[in-house]
Amino acid sequence: MRPLNEREIRAAFVNCTKGEAKRLTVPHDLADRPWDDLDFLGWRDPQAPDRAYLAVELDGRPVALALRSSGAASWQTRRSMCSICLTTHTGGVSLMVAAKAGKAGQQGNSVGVYLCSDLACPLYVRGRKDAGAGSRLPESLTLEEKVRRTVANLAAFVARVTV
């Protein structure tokens, strides 16, 4: 993924108003992010733990989504799998919900996806971050194929938000 700056990220939000995009928290360490290892940039709002955001480049342009997650619940101590990168975690997967873009979102429609709670899917896929024993199932796919699958899963979710 090419490095994005704060202005590009704020302008890329498709499921919130310009005012909301202007007020949300963008990471201050953008220059220090491992952009070469990222298929998308994901972060949590430190001031609002139930809010998360992600930005991805699709068809040559950045697209960003505002997400909401539920608080920690007892069921989250079970082992769950991320729908984007297929990493399993014990308590490290959250249901992330995004308001749909446009009129559908204004009417309250949303879509959800089970996602790594720390939004570090690209790092788990590349082995740069470890979710513990048994977190990555053995596969015969190459790293490039796993990355393509992760990007395709994320693109499918973004498409469900923007349709």
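Procedures and definitions
- Within any chain, residue numbers begin from 1 and follow the written order of that chain's sequence.
- Only residues with pLDDT of at least 70 are given local features in this predicted model, and only at 80 or more are side-chain atom pairs given and counted; all residues enter the totals for whole chains, interfaces and linings.
- To obtain the side-chain values, all non-hydrogen atoms of the structure were used and water was disregarded.
- Where helices and strands are cited, they refer to DSSP runs of H or I of at least four residues and of E of at least two residues respectively, numbered from the N terminus.
- The length a helix should cover is 1.5 Å for every residue beyond the first.
- Partly exposed residues are those whose accessible area sits between 20% and 50% of the maximum for their type, while under 20% is buried and over 50% is exposed, using a 1.4 Å probe and protein chains only.
- We call two residues contacting when some pair of their heavy atoms lies within 4.5 Å.
- Pairing between two strands is assigned when DSSP locates at least 2 bridges connecting them.

Caption draft 1: Representation of helix H5 (residues 143-162) in the model. Its 20 residues place the ends of H5 28 Å apart at the C-alpha level, agreeing with the 28 Å of an ideal helix rising 1.5 Å per residue. Regarding H5, the residues found buried are Lys146, Val147, Arg149, Thr150, Leu154, Phe157, Val158 and Val161. Tucked inside the fold, the buried residues of H5 contact strand E1 (40-45), strand E2 (48-58), strand E3 (61-69), strand E6 (93-99), strand E7 (110-116) and helix H4 (121-125).

Caption draft 2: Quick peek at the pairing of E6. Where E3 and E6 come together, two bridges link them in antiparallel fashion. By the bridge assignment, Ser69 is partnered in E6 with Met96. With seven bridges connecting them, E6 and E7 associate as antiparallel partners. In the sheet register, Val97 faces E7, and the bridge partner there is Gly112.

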